[in-house]
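# Structural description and commentary
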Amino acid sequence: MASFDPCAVVAGLSEATQHLLLAAAAAAPEDVPLFLGSLPHDALTEWGPAEDSGLVRLDGAGPQPLLWLDPGTPRALYDAARFVDRQRAHLSLADALAARPDRRAWHLAAATLGPDEEVAAALEDGADAARVHTGWAAAARMLERSAELTADPGVAARRYLLAMRAAIYAGDSTWVGRLGARAGDLTDDPAHALEAALASGWALARTDRHAEAITMLTTVAVRAADGGNSDLAWSALAPAAVAAYYSGRPEHFEQMVVALEVMDRQLNGSRPQPGADEADSPVLAPAMAAPSAFAPDHGLTLLDEEFGPPHATWLIAALDPVGSVKQVEAVLAARGHPAGLDQVTLNQLGGAAWTVDQTRYAVTALRTFLDRQEHTSLGGVNALVSNTLGTALRDCGAWDAAGAAYGDALRIGAETGAEMIRRTAEADLAMLAAMRGDPDQARSLAAQALAGLDPDVSRAVAVATRRALGLTALADGDHERAHDVLRLILDDSGRPVHPHLSLYGMVDLVTACVRTGRYAEGQEAAATFRQVAGHGSVRLRALVEHAAALVAAAGDAPGDQAQADIHFALALSDPEGPVWPYEHARIQLDFGAWLRRQRRVIEARPHLVDAQSAFERLGAAPFALRASAELRAAGVRPDTPPPTHRSREEAPALASLTPQQREIVLLAAQGLTNREIAERLFLSPRTVGMHLYRVFPQLGVTSRTQLRDIVDPPARRDL
């Protein structure tokens, strides 16, 4: 049977029908309704032969007024057409799209072979409308085409740089680099050269070439500040801080701090301008004594004048996640609720909030950012924001939502060539799998994240994967393996390999030390933890006390057990502790187990019950099992069997629901009100009610009381 050849079919149709088909093939889906609506009534009869030939179907009442019966036909027709015919088709579309100047300009450009300033200017003018309607990638394409049609090299360079800025938000590293290089080739303007260098540095910051990215971006920042271009300076330092965070190496943090101090003095005029050698140095005068983190005596004015630009808050949080807590908290309080902030501020403050453990604020800010981008493409930013949101959701116990956010980050990172975001998402998903008790998945994801990566170059990913693998080994009861892996989150001198991420693995490291009889090493690790993080966030202070309690509980010196009691109580003392339910339940479990061993069984039971309930709700199978065992040893029979990492799959009725719907149903089945569920999942009560209204028919229930039988059938409940 001969294959269908649409070009051969079209060749047998009238010239008018061929023109209509080619115009439809050249149109974007959003163009088609306006194009069809612009045609005179008698022209519609020309579509009849196209429909009779099995090429298209017109349906004025349907959601798609024109449907190609073979999806490959439009591309085949367009590629086979002569330029003169394509030109005529695009001009017809341009005439039909007067109500959409951005789309009209695009089709005029497609009909143009050489430089044309009128069309180039129309493309530039329409880029913002394209961004609003379709996304940053569409804006970047329009601006790039505008530059291609521009005869003046200086104007073309400016338009390439505008395209580059839009492409940064679209997230394609190769594209960004290409646009920056084209701009650089067209002009010797120093300002344009800095913009082009920003593009190259931004693209490098998404790879594991951290040192190159930081050097390039900090040099751009210092030179831009020296010229009074504060916007460009901040735009360069923000991705440089991301690269420094991925790296985790002290010299890169110091390089960033030096750049900030130089830039601060330049922009605020608090000292003579730097000499040529200092300003031009590609390593920012390494002979200058650079502090390792911010401190009050540095005298930086970055957060003056109503706390400065939002980039400053992110930079200070990223470079000193422990010491900047109070500064960042003050900024967040002053800025107000995230709903009132613009996108740039949401992005920067959301990242800063997550870094200093203002987790609920981070979730709200980052979700608000992504919700506003629901109908546009913003891959370059969305990948990083989605991954940060995933970790914030994981930290506060919304694990299904966290998995979905990580999945978005992984997909977008892979699509846009964002190597570090992809690796980070894999490492964070590995940690989530370890917390749930899925060792095979945790090890597989960790291996993917580390494949071909130097762990000493990209310490953030290395530490994240080691935490996941260490927790997996602890859950398996392989404490020696856990110790061997987790010991690598510290360097040879016993200091954190990564100044931020290593801190959240310290409790697991101390646990492994205690379980393997390495008491002195555990004691030293706990002491280092207190020294580094004891003045940090509420969350870090609780973890510091937890580590100290584990060491004291394992000690045999006089007073050790009394100290354990004190440290456990301090670890649970702050009312904000339950914001991080997994870590809070770990403290309760260890405290309850210790109390039971001290024969204080009555005191132990409430902690063990709360821990077991929290682990069950989270789906943290390994620790739910341990909590159940401790409860039985304390003379309490758990109400429900502990979950495995597949527990939620055992309720087939839930399989058709989205992750967020499943989470809501599970909480509603436990008896929580809409308001309580909303507070847990950072939603509005109205949204919770809407989801329940929609899923009731899917589950075949008419009331909340029936949900428990769906989630946990009586036959299984009685086992």
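It should be noted that the structure appears before, not after, this text.
Residues numbered from 1 in each chain as written. Predicted model: local features only at pLDDT ≥ 70, side-chain atom pairs only at ≥ 80, totals over all residues. Heavy atoms only, no water.

## Remarks on the overall build of the chain
Helix and strand counts for the chain come out as 39 helices and two strands. Put simply, the chain has 719 residues, and 54% of those count as buried. Partitioning the intrachain contacts of the chain with sequence separation of at least 6 by distance along the chain shows that 62% fall at a separation of at least 24. Split by element, the accessible area of the chain, about 30,400 Å² in all, is 53% carbon and sulfur. (Helix = DSSP H or I, 4+ residues; strand = E, 2+ residues; numbered from the N terminus. Buried < 20%, exposed > 50% of the residue type's maximum accessible area, 1.4 Å probe, protein only. Contact = heavy atoms within 4.5 Å. Areas by Shrake-Rupley, 256 points an atom, 1.4 Å probe, with all protein chains shown as cover.)

## Observations concerning the packing of helix α18 (residues 310-319) against helix α19 (residues 325-335)
Put simply, α18 and α19 touch, their axes get as near as 10 Å, and they point 155 degrees apart. In terms of orientation, α18 lies roughly antiparallel with respect to α19. Between α18 and α19 the crossing geometry is left-handed. In this structure, α18 uses Pro310, Thr313, Ile316 and Ala317 to contact α19, whose residues at the interface are Gln327, Val328, Val331 and Arg335. Class assignment of the residues belonging to the contact of α18 with α19 gives a composition of five nonpolar, two polar and one charged. (Axes fitted to C-alpha atoms, helices over the stretch in contact; angles between N-to-C directions. Parallel < 35°, antiparallel > 145°, perpendicular 65-115°, else oblique. Left-handed = near helix turned anticlockwise from the far one by under 90°. Nonpolar A, V, L, I, M, F, W, Y, C, P; charged D, E, K, R; others polar.)

## Brief notes about the side chain of Thr187
Of note, Thr187 is situated in the loop between α11 (173-186) and α12 (190-205). The exposure class assigned to Thr187 is buried, which follows from its relative accessible area of 16%. Among the polar contacts listed, one links the side chain of Thr187 to the backbone nitrogen of Asp189, at a separation of 3.0 Å. When sequence neighbours within four positions are dropped, the list of residues in contact with Thr187 reads Ala157 and His192. (Polar contact = N/O pair within 3.5 Å; in protein donor to acceptor, adjacent residues only side chain to side chain.)

## Some thoughts on the environment of Gln531
For Gln531, the position within the fold is in helix α29 (residues 519-533). C-alpha of Gln531 to C-alpha of Val544: the two residues are 13 residues apart in sequence and 9.3 Å apart in space. Among the polar contacts made by the side chain of Gln531, one reaches the side chain of Arg495 at a distance of 3.3 Å.

## Topic: the environment of Leu471
Mapped onto the secondary structure, Leu471 falls in helix α26 (residues 459-476). Taking relative accessible area as the criterion, Leu471 reaches 1% and is therefore assigned buried. For the pair Leu471 and Gly437, spaced 34 residues apart in sequence, the C-alpha separation works out to 9.3 Å. Setting aside its immediate chain neighbours within four residues, Leu471 contacts Met431, Ala434, Met435, Asp508, Tyr582, Arg586 and Phe623.

## Considering the packing of aromatic side chains
In total, this model carries eight aromatic pairs according to the counting rule given. Measuring from ring centre to ring centre gives 5.7 Å for Trp399 and Tyr582, while their planes differ by 55 degrees; the resulting arrangement is tilted. With a gap of 183 residues between them, Trp399 in helix α23 (residues 399-416) and Tyr582 in helix α32 (residues 581-597) connect regions that are remote in the sequence. Exposure class is identical for Trp399 and Tyr582. Each is buried. Considering the side-chain rings of Phe615 and Phe623, the 5.6 Å spacing of their centres and the 35 degrees angle between planes classify their relative orientation as tilted. Owing to a relative accessible area of 0%, Phe615 belongs among the buried residues under this scheme. Within the aromatic cluster, the residues linked to one another by ring pairs are Trp399, Tyr582, Phe615 and Phe623. (Phe/Tyr/Trp six-rings, centres within 6.5 Å; stacked < 30°, edge-to-face > 60°.)

## Regarding helix α6 (residues 83-96)
Taking 1.5 Å per residue as the helical rise, α6 with its 14 residues ought to reach 20 Å, and the 20 Å between its terminal C-alpha atoms agrees with that figure. Listing the buried residues of α6 in full gives Ala89, His90, Leu93, Ala94 and Ala96. The buried residues of α6 occupy an angular sector of 160 degrees when projected down its axis, which confines them to one face. Residues of α6 that are buried sit in contact with α2 (15-26), α3 (32-38), α5 (73-80) and α7 (101-110). (Expected span 1.5 Å × (residues − 1). Arc of directions from axis to C-beta.)

## Description of the packing of α7 against helix α9 (residues 136-148)
One can describe the packing of α7 onto α9 by two numbers: an axis separation of 11 Å at closest approach and a directional angle of 45 degrees. Taken together, the axes of α7 and α9 are oblique relative to one another. Helix-helix and strand crossings are classified by hand; for α7 and α9 the assignment is left-handed. Mapping the contact onto sequence places Asp102, Ala105, Trp106 and Ala109 in α7 and Arg141, Met142 and Arg145 in α9.

This is a description of form; function is not addressed.
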